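Report on the structure
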Amino acid sequence: MPIVDKLKEALKPGRKDTGDDGDLNKLLASSAKKVLLQKIEFEPATKGFSYQLDSLKNKYVILNPRTEGATAQKATEPAQIKSDGIPAPQKMLFPGNKIALKWERVYRVGAGLHNLGNTCFLNSTVQCLTYTPPLANYLLSKEHSRVCHQSGFCMICVMQNHIIQAFANTGNAIKPVSFIRDLKKIARHFRFGSQEDAHEFLRYTIDAMQKACLNGYPKKIEYVG
């Protein structure tokens, strides 16, 4: 009996085991051996693979083409003309080569924050920003306070004072009163005592910090880092 017929017979529902199973196993092994040991013949391609690559390349437009032999520009010097046509900034607020992504020194865990009444959204956001190394390194250096000329509310100054206070009170808990006092300046629709969204507060806080950095400059494209 051919192997196909034997397989159909063996796979019938309700079939009982018979002595033909041994013959079936031998046929399967023999058939598999023939397939596995069969020699495979390869033929050369009619067209080279490079032809396919060239046809694929024609579908796409290179946004940032690289020129051979071009040298990397110094980090302190802004590009004169960007490939997207945007003119170079007249003033760089903070050069990228000064940004440290890791902690510049080792600190002990800073202070915790008291919940002043549904301020968990604020506390969690401020703690995340406090332990963001690039931001903390910059604010702990007090470089901003040396160049800040704002007479009123400055989100960077508020954040700087908090981070310095937090790392100076290791093992204790402090009250984030400066954020509560200026809550409406960060986000006008926030109410002290109300449950607010942490992600929304983070967005408004970062926006307020950016406005503090751009304060005093005309409304034009600037590089912040």
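Residues numbered from 1 in each chain as written. Predicted model: local features only at pLDDT ≥ 70, side-chain atom pairs only at ≥ 80, totals over all residues. Heavy atoms only, no water.

Looking at an unreviewed UniProt entry, the chain carries the name Ubiquitin specific peptidase 36, with the source organism given as Amphilophus citrinellus.

Some remarks on the packing of aromatic side chains
Here the structure, examined in full by the defined rule, presents eight aromatic pairs. When the ring of Trp 103 is compared with that of Tyr 107, the centres are 6.0 Å apart and the planes differ by 65 degrees; the resulting orientation is edge-to-face. Given a relative accessible area of 34%, Trp 103 falls into the partly exposed group. When its relative accessible area of 28% is taken as the criterion, Tyr 107 is described as partly exposed. Relative to Phe 201, the ring of Phe 190 has its centre 6.1 Å away and its plane inclined at 25 degrees; by these criteria the two rings are stacked. One end of the pair, Phe 190, is in the loop between helix H9 (183-186) and helix H10 (198-214); the other, Phe 201, is in helix H10, with eleven residues separating them in the sequence. (Phe/Tyr/Trp six-rings, centres within 6.5 Å; stacked < 30°, edge-to-face > 60°. Buried < 20%, exposed > 50% of the residue type's maximum accessible area, 1.4 Å probe, protein only. Helix = DSSP H or I, 4+ residues; strand = E, 2+ residues; numbered from the N terminus.)

Details of H10
A turn of α-helix holds 3.6 residues, and therefore any two residues three or four places apart point the same way. An ideal rise of 1.5 Å per residue puts 24 Å on 17 residues; H10 measures up with 24 Å between its terminal C-alpha atoms. Taken together, the buried positions of H10 are Phe 201, Thr 205, Ala 208, Met 209 and Ala 212. Taken around the axis of H10, the buried residues stretch over an arc of 100 degrees, which confines them to a single face. Projecting away from the buried face of H10 at angles above 90 degrees are the exposed residues His 199, Arg 203 and Lys 211. (Expected span 1.5 Å × (residues − 1). Arc of directions from axis to C-beta.)

Details of the state of the cysteines
Inspection of the entire model under this criterion finds zero disulfides. Cysteine Cys 154 remains unbridged, with the sulfur of Cys 157 as its closest cysteine sulfur at 3.5 Å. Assessed through its relative accessible area of 5%, Cys 154 is described here as buried. (Disulfide = S-S within 2.5 Å.)

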